[in-house]
Amino acid sequence: MSEEKKLRHSMQRDRIEAYLLSSHTHPTAEQIYLDLKPEIPNLSLGTVYRNLKQLEEAGKADRVSASGNTEHYEAKKACHAHFVCRKCGKVMDLDDIPLAKAEKLCHFPEGTEVSSVHITFEGICADCSRK
């Protein structure tokens, strides 16, 4: 996995990272903004996006693309797959994927170094199927 970069301390970034660590819903930047705004009155949506990008670059957060070009975020965890519902846009974590096992399923040119794997399944979730 990629080595985490050192970030300067920022109260807003710390709160955004803590929010991601406590969330199990893969929130969008807009949802993070709406949930943290009452706690941090001077927070702007631009600040949320900027800090999410910095957390991503530092290896502390991941972006998950969902239907309709919506970006969802999560704190960096073990390598795992996602399921994205095409109807409601919900993003769900699936089982951890051992990186070594995933690498063996593909044929990479000699000398290639894999640092992470992102697998996303798309379809209709059970809740939407029942409706």
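This text goes with the structure placed above it.
Here the structure is a predicted model, which means the values were calculated and not measured.

Criteria and cut-off values
- Residues numbered from 1 in each chain as written.
- Predicted model: local features only at pLDDT ≥ 70, side-chain atom pairs only at ≥ 80, totals over all residues.
- Heavy atoms only, no water.
- Axes fitted to C-alpha atoms, helices over the stretch in contact; angles between N-to-C directions.
- Helix = DSSP H or I, 4+ residues; strand = E, 2+ residues; numbered from the N terminus.
- Parallel < 35°, antiparallel > 145°, perpendicular 65-115°, else oblique.
- Contact = heavy atoms within 4.5 Å.
- Nonpolar A, V, L, I, M, F, W, Y, C, P; charged D, E, K, R; others polar.
- Polar contact = N/O pair within 3.5 Å; in protein donor to acceptor, adjacent residues only side chain to side chain.

Novice: I would appreciate a short explanation of the packing of helix H1 (residues 11-22) against helix H3 (residues 45-57) in the present structure.
Specialist: Between two packed helices, the angle of one axis relative to the other and the distance separating the axes together describe the packing. Packing of H1 against H3 brings their axes to within 10 Å, and their N-to-C directions diverge by 70 degrees. On the basis of their axis angle, the class for H1 and H3 is roughly perpendicular. Every residue of H3 that contacts H1 at Gln-12, Arg-13, Ile-16, Glu-17 and Leu-20 is listed here: Thr-47, Val-48, Asn-51, Leu-52, Gln-54 and Leu-55. Of the residues in the contact of H1 with H3, the class split is five nonpolar, four polar and two charged.

Novice: Which parts of the structure should I look at to understand the packing of H1 against helix H2 (residues 29-36)?
Specialist: Relative to each other, H1 and H2 sit at 110 degrees, their axes nearing to 11 Å. When the interaxial angle is binned, H1 and H2 end up roughly perpendicular. Here Arg-15, Ile-16, Tyr-19 and Leu-20 of H1 come into contact with H2, specifically with Gln-31, Ile-32, Asp-35 and Leu-36.

Novice: For this particular structure, what's the right way to read the side chain of Asn-51?
Specialist: Its location among the elements puts Asn-51 in helix H3. For Asn-51, the side chain forms a polar contact with the main-chain oxygen of Thr-47, separated by 2.8 Å. When near neighbours in sequence (up to four residues on either side) are disregarded, Asn-51 contacts Ser-10, Arg-13 and Ile-16.

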